[in-house]
Amino acid sequence: MFEEFYREALPFWEQITDGDRECLLRHSYTASYKKGMNIHDGNDCSGVIFVRSGCLRLSMMSEEGKEITLYRLYKGDMCMLSASCVLSAITFDVLLDAEEDSECYVIGGPAFAAVSEHCPQVKIFSLETAVSRFSDVMWVMQQILFMSMDKRLAIFLSDESARINSDTITLTHGQIARYMGSAREVVSRMLKYFAGEGIVAVSRGGIKILDRKRLRELSL
């Protein structure tokens, strides 16, 4: 089960020795995470996690308790930042939570780190994977630091609508605020403004986009 998956998911799989492959397979396991469960709190090496179904959310927490969502992981995505023992150069703590009931494959962090120490292909893959995610992190930081709230919300609603292929977004104001690194009250006020302008309709069932053209103009 694991070997067939790793052969497709890990480009270095055929380049490492049989012993190293056996080590990774021996320290692999399946994990089920319930919605809302914390998977990684930054204090341990949880391992390399592959999402098979569901959704995981990677975030950071400030000393004041403000949480910022860095990105979300869906089926086929991999989380390398939860394996702090593999990427020792990364010194900031991240949180990993299950946004939905999720099924994952996990390679134990110490085993992956041990193999990467003497296999340059594995080390390079680890670094490249982590670096590729930093573009997502920088995009989040750019929005928080340099964009107005109406533009940030318009971008979020547009992206989320495209992701789920629906005009109705079934997220609470609190969830949207957490994703955007903002306060629920600020999101609620901006959604009320959008609703007053006829851009969206807000109800207990979520947010329905009514005017995509206006939303797109706000996001530019």
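All values derive from a computational prediction rather than experimental measurement.

Undergrad: Explain the overall build of the chain here, please?
TA: A tally of regular secondary structure across the chain gives eight helices and 11 strands. In terms of overall dimensions, the chain has C-alpha extents of about 65 × 35 × 30 Å along its principal axes. Out of the 220 residues in the chain, the part that is buried amounts to 47%. Residue pairs at least 24 apart in sequence account for 69% of intrachain contacts in the chain once pairs closer than 6 positions are excluded. For the chain, the accessible area works out to roughly 11,400 Å², and carbon and sulfur atoms hold 52% of it.

Undergrad: Which parts of the structure should I look at to understand the pairing of strand β10 (residues 200-203)?
TA: Looking along a regular strand, one sees side chains alternate from face to face of the sheet. As paired strands, β10 and strand β11 (residues 206-209) are joined by four bridges and run antiparallel to one another. Bridge assignment links Ala201 to a residue of β11, and that residue is Lys208. Hairpin connection, β10 to β11: the antiparallel pair is bridged by two residues.

Undergrad: Explain the packing of helix α6 (residues 173-180) against helix α7 (residues 184-196) here, please?
TA: Think of two packed helices as two axes; the pair is described by the angle between the axes and how far apart they sit. Between α6 and α7, the least distance of the axes is 8 Å, while the angle of their chain directions is 110°. Considering their axes alone, α6 and α7 lie roughly perpendicular with respect to each other. Where α6 crosses over α7, the handedness of that crossing is right-handed. Counted together, His173, Gly174, Ile176 and Ala177 of α6 and Arg184, Val187, Ser188 and Leu191 of α7 form the full contact between these two elements.

Undergrad: Explanation requested: the pattern of salt bridges in the structure shown.
TA: If charged atoms from side chains of opposite charge come close, those side chains can pair. Following the criterion strictly, the structure yields 16 salt bridges and no others. Note that Arg7 and Glu3 form a salt bridge whose closest N and O atoms lie 3.3 Å from each other. Placement of the pair is Arg7 and Glu3 together in helix α1 (residues 2-9), with a separation of four residues, close to one helical turn. For Arg7, a relative accessible area of 41% translates into the label partly exposed. Looking at Glu3, the relative accessible area reads 34%, which means it is partly exposed.

Undergrad: Which parts of the structure should I look at to understand the packing of aromatic side chains?
TA: A ring pair, where both rings are aromatic, is described by two values, the distance of the centres and the angle of the planes. What the rule picks out here adds up to 11 aromatic pairs. Between Phe2 and Tyr6 the ring centres are 6.1 Å apart and the planes differ by 20°, which places this aromatic pair in the stacked class. Placement of the pair is Phe2 and Tyr6 together in helix α1, with a separation of four residues, close to one helical turn. Each member of the pair, Phe2 as well as Tyr6, is classed as buried. Judged by centre distance (5.7 Å) and plane angle (45°), the ring pair of Tyr6 and Phe50 falls under tilted. Pair noted here: Tyr6 is in helix α1 and Phe50 is in strand β3 (residues 48-53), with a separation of 44 residues, a long-range link.

Undergrad: Would you explain the sheet that holds strand β1 (residues 28-33) in this entry?
TA: In a beta sheet, neighbouring strands pair by backbone hydrogen bonds and run either parallel or antiparallel. If you trace the four strands from one edge of the open sheet to the other, you get β1-β8-β3-β6, paired in antiparallel fashion. Two strands close off the open sheet at either side, each with one partner strand: β1 and β6 (78-79). Sheet analysis places β3 next to β6, joined by two bridges and oriented antiparallel. By the bridge assignment for β6, Phe50 is matched with Met78.

Undergrad: What is the right way to read the sheet that holds strand β2 (residues 38-40) from this model?
TA: With antiparallel pairing, four strands are arranged side by side in an open sheet as β2-β7-β4-β5. Only two strands of the sheet have a single neighbouring strand rather than two, namely β2 and β5 (67-73). Neighbouring strand axes in the sheet, compared pairwise and without regard to direction, differ in orientation by 35° on average. On the sheet, α6 packs against β4 (56-61) and β5 and is oriented at approximately 90° with respect to β5.

Undergrad: Would you mind showing me how to read the environment of Arg214 here?
TA: One can find Arg214 in helix α8 (residues 212-219). Of the residues examined, Arg214 reaches a relative accessible area of 27% and is grouped as partly exposed. Separated by 60 residues in the primary sequence, Arg214 and Ala154 place their C-alpha atoms 9.1 Å from one another. Of note is the side chain of Arg214, whose polar atom sits 3.4 Å from the side chain of Glu197.

About the thresholds
- Residues numbered from 1 in each chain as written.
- Predicted model: local features only at pLDDT ≥ 70, side-chain atom pairs only at ≥ 80, totals over all residues.
- Heavy atoms only, no water.
- Helix = DSSP H or I, 4+ residues; strand = E, 2+ residues; numbered from the N terminus.
- Buried < 20%, exposed > 50% of the residue type's maximum accessible area, 1.4 Å probe, protein only.
- Contact = heavy atoms within 4.5 Å.
- Areas by Shrake-Rupley, 256 points an atom, 1.4 Å probe, with all protein chains shown as cover.
- Pairing = 2+ DSSP bridges.
- Axes fitted to C-alpha atoms, helices over the stretch in contact; angles between N-to-C directions.
- Parallel < 35°, antiparallel > 145°, perpendicular 65-115°, else oblique.
- Left-handed = near helix turned anticlockwise from the far one by under 90°.
- Salt bridge = Lys/Arg side-chain N within 4 Å of Asp/Glu carboxyl O.
- Phe/Tyr/Trp six-rings, centres within 6.5 Å; stacked < 30°, edge-to-face > 60°.
- Polar contact = N/O pair within 3.5 Å; in protein donor to acceptor, adjacent residues only side chain to side chain.

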